[in-house]
Amino acid sequence: MAERFGGKFSPEPHSPGTTPTLAAAGPEPRHPLAARPIWLVVAAAPFLVSAFSEPPAGLAMDLAAFAAFAAAAFVTREGLRAEAAFNARRVARRPAFPRKALGAVLVGAGLWLGTFAPGAGLFGPIILAALGIALHLVAFGLDPMRDKGMEGIDAFQQDRVARVVGEGEKLLAGMRDAILRAKDKKLEARVERFSGAARTLFRAVEDDPRDLTAARKYMGVYLMGARDATARFADLYGTTRDAKARADYEALLGDLETNFATRTRELIENGRENLDIEIEVLRDRLAREGVPSPSTVETK
């Protein structure tokens, strides 16, 4: 079942025959600190500037210090991206590698390399390296350390879903990259809206990996076809500005978006039906044991 006890994919209480409203997934999640790692590179700029006035050994140390800061900015940015994706999902495994922690270590290494001088002692550079690590952890925090929402979910099935969702996200990224060649902001926004519908399906399947079999065709074959069609359209429209081709492409996106929304709704409805069956079975068992259900008590 897609979601049992509430959440953005769960239908509100509704009478039989009505259709629940789906909450569309937003754009690709972005961490609020995503722009901050660039300041690590800015902070290391003095090492790069002073390097070329140093003797060869000092030049190598300063360049290595700058490289360590640049690497720290990169892995920290990737860690923030992984954390944003983790926070956006209700069911998620912790990142496989603590990238932000590695970024902190690289900052410490950069400070040590940039301040170490032969014969000057090790205490000062070590203190600065430890301070840099601490400040990095304060500024960016720790990586997620625990899985969330994994209780009762088969790990193998969840791994399968993670792989399929990862492939689907790559196909969506391919669509977004391809539509840039059309040089049309409205079409870019239209592709982003379709991506939101696809991500809504991704999140529903992540909430219950048993839905993967029913949705896999949408998350793989259909998205691959959409990416290829987008690439062909962008190449054509970018040079000809063919209005009919544009209308056909927008109609294709509309059909795909409707199909994705319909499949997501079906998964939610099937999950709700399964939940209702489980509840009724549990109530029957409780009744046989002489324990009335709350609804029965309220009725009496």
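Keep in mind that what you see is a predicted model, and the values were worked out from it rather than measured.

### A short note on the overall build of the protein
The secondary structure content of the protein amounts to ten helices and zero strands. What you see in the protein, going N to C, is helices and strands ordered as α-α-α-α-α-α-α-α-α-α. Scored against the burial criterion, the 300 residues of the protein give a buried share of 35%. Looking at the protein as shown, the accessible area adds up to about 17,000 Å², and 61% of this sits on carbon and sulfur atoms.

### Notes on the environment of Ala34
Positionally, Ala34 belongs in the segment before helix 1 (38-43). For Ala34, a relative accessible area of 21% gives the class partly exposed. Between the C-alpha atom of Ala34 and that of Ala84, which follows or precedes it by 50 residues, the distance is 9.2 Å.

### Some words on the confidence of the model for the protein
Summary statistics for the protein give a mean pLDDT of 80 and a share of 77% for residues scoring 70 or more. By mean pLDDT, helix 10 (residues 294-299) is the weakest element of the protein at 49, and helix 4 (residues 99-115) is the strongest at 93. Below a pLDDT of 50 lies the segment residues 1-23, which in the model reaches 47 contacts outside its immediate sequence neighbourhood of four places, other chains included. The model gives residues 296-300 a pLDDT under 50, and that stretch makes one contact with residues more than four places away or in other chains.

### As for a nonpolar patch on the surface
Together, Ile38, Trp39 and Val42 make up an exposed nonpolar region whose accessible area comes to about 340 Å². Mapped onto the elements, Trp39 comes out in helix 1. For Trp39, a relative accessible area of 57% corresponds to the exposed category.

### Observations regarding the packing of aromatic side chains
Aromatic rings considered in pairs are described by the distance between their centres and by the relative angle of their planes. Per the counting criterion, the structure on display carries seven aromatic pairs. Taking the centre distance of 6.0 Å and the plane angle of 45° together, the rings of Phe47 and Phe69 count as tilted. Within this pair, whereas Phe47 is found in helix 2 (residues 45-51), its partner Phe69 is found in helix 3 (residues 56-88), the two being separated by 22 residues in sequence. The two residues Phe47 and Phe69 agree in class, both being buried. With centroids separated by 5.5 Å and ring planes inclined at 85°, the aromatic side chains of Phe194 and Phe260 adopt a geometry described as edge-to-face. In this pair, Phe194 is assigned in helix 7 (residues 185-207) and Phe260 in helix 9 (residues 243-288), connecting sequence segments 66 residues apart. Of the two residues examined, Phe194 and Phe260, each falls in the buried class.

### Structural notes on the packing of helix 4 against helix 5 (residues 123-140)
Any two packed helices are characterised by the angle at which their axes cross and by the distance between the axes. Helix 5 packs onto helix 4 with a crossing angle of 150° between their chain directions and a minimal axis gap of 8 Å. As far as their axial angle goes, helix 5 and helix 4 are roughly antiparallel. Regarding helix 4 and helix 5, the two cross each other, and that crossing is right-handed. Residues Lys100, Gly103, Ala104, Val105, Val107, Gly108, Leu111, Trp112 and Thr115 of helix 4 lie in contact with helix 5, whose contacting residues are Pro125, Ile126, Leu128, Ala129, Gly132, Ile133, His136, Leu137 and Phe140.

### A few points about the pattern of salt bridges
Applying the stated criterion across every chain, the model contains 15 salt bridges. For Arg81, the salt bridge goes to Glu78, with nearest N and O atoms at 3.4 Å. Placement of both Arg81 and Glu78 in helix 3 is noted, with a separation of three residues, approximately one turn of the helix. A residue is classified by how much of its surface remains accessible, and Glu78, at 22% relative accessible area, is partly exposed. Linking Arg263 and Glu266 is a salt bridge whose minimum nitrogen-to-oxygen distance equals 3.2 Å. Of this pair, Arg263 and Glu266 both sit in helix 9, three residues apart, which is roughly one turn of that helix. Owing to a relative accessible area of 19%, Arg263 belongs among the buried residues under this scheme. What makes Glu266 partly exposed here is its relative accessible area of 35%. Connected through shared salt-bridge partners, Glu169, Glu192, Arg199 and Arg203 make up one network.

About the criteria used
- Residues numbered from 1 in each chain as written.
- Predicted model: local features only at pLDDT ≥ 70, side-chain atom pairs only at ≥ 80, totals over all residues.
- Heavy atoms only, no water.
- Helix = DSSP H or I, 4+ residues; strand = E, 2+ residues; numbered from the N terminus.
- Buried < 20%, exposed > 50% of the residue type's maximum accessible area, 1.4 Å probe, protein only.
- Areas by Shrake-Rupley, 256 points an atom, 1.4 Å probe, with all protein chains shown as cover.
- pLDDT = per-residue confidence, 0-100.
- Contact = heavy atoms within 4.5 Å.
- Patch = residues over 30% accessible without salt bridge, like charges linked within 9 Å, V, L, I, M, F, W, Y side chains within 5 Å.
- Salt bridge = Lys/Arg side-chain N within 4 Å of Asp/Glu carboxyl O.
- Phe/Tyr/Trp six-rings, centres within 6.5 Å; stacked < 30°, edge-to-face > 60°.
- Axes fitted to C-alpha atoms, helices over the stretch in contact; angles between N-to-C directions.
- Parallel < 35°, antiparallel > 145°, perpendicular 65-115°, else oblique.
- Left-handed = near helix turned anticlockwise from the far one by under 90°.

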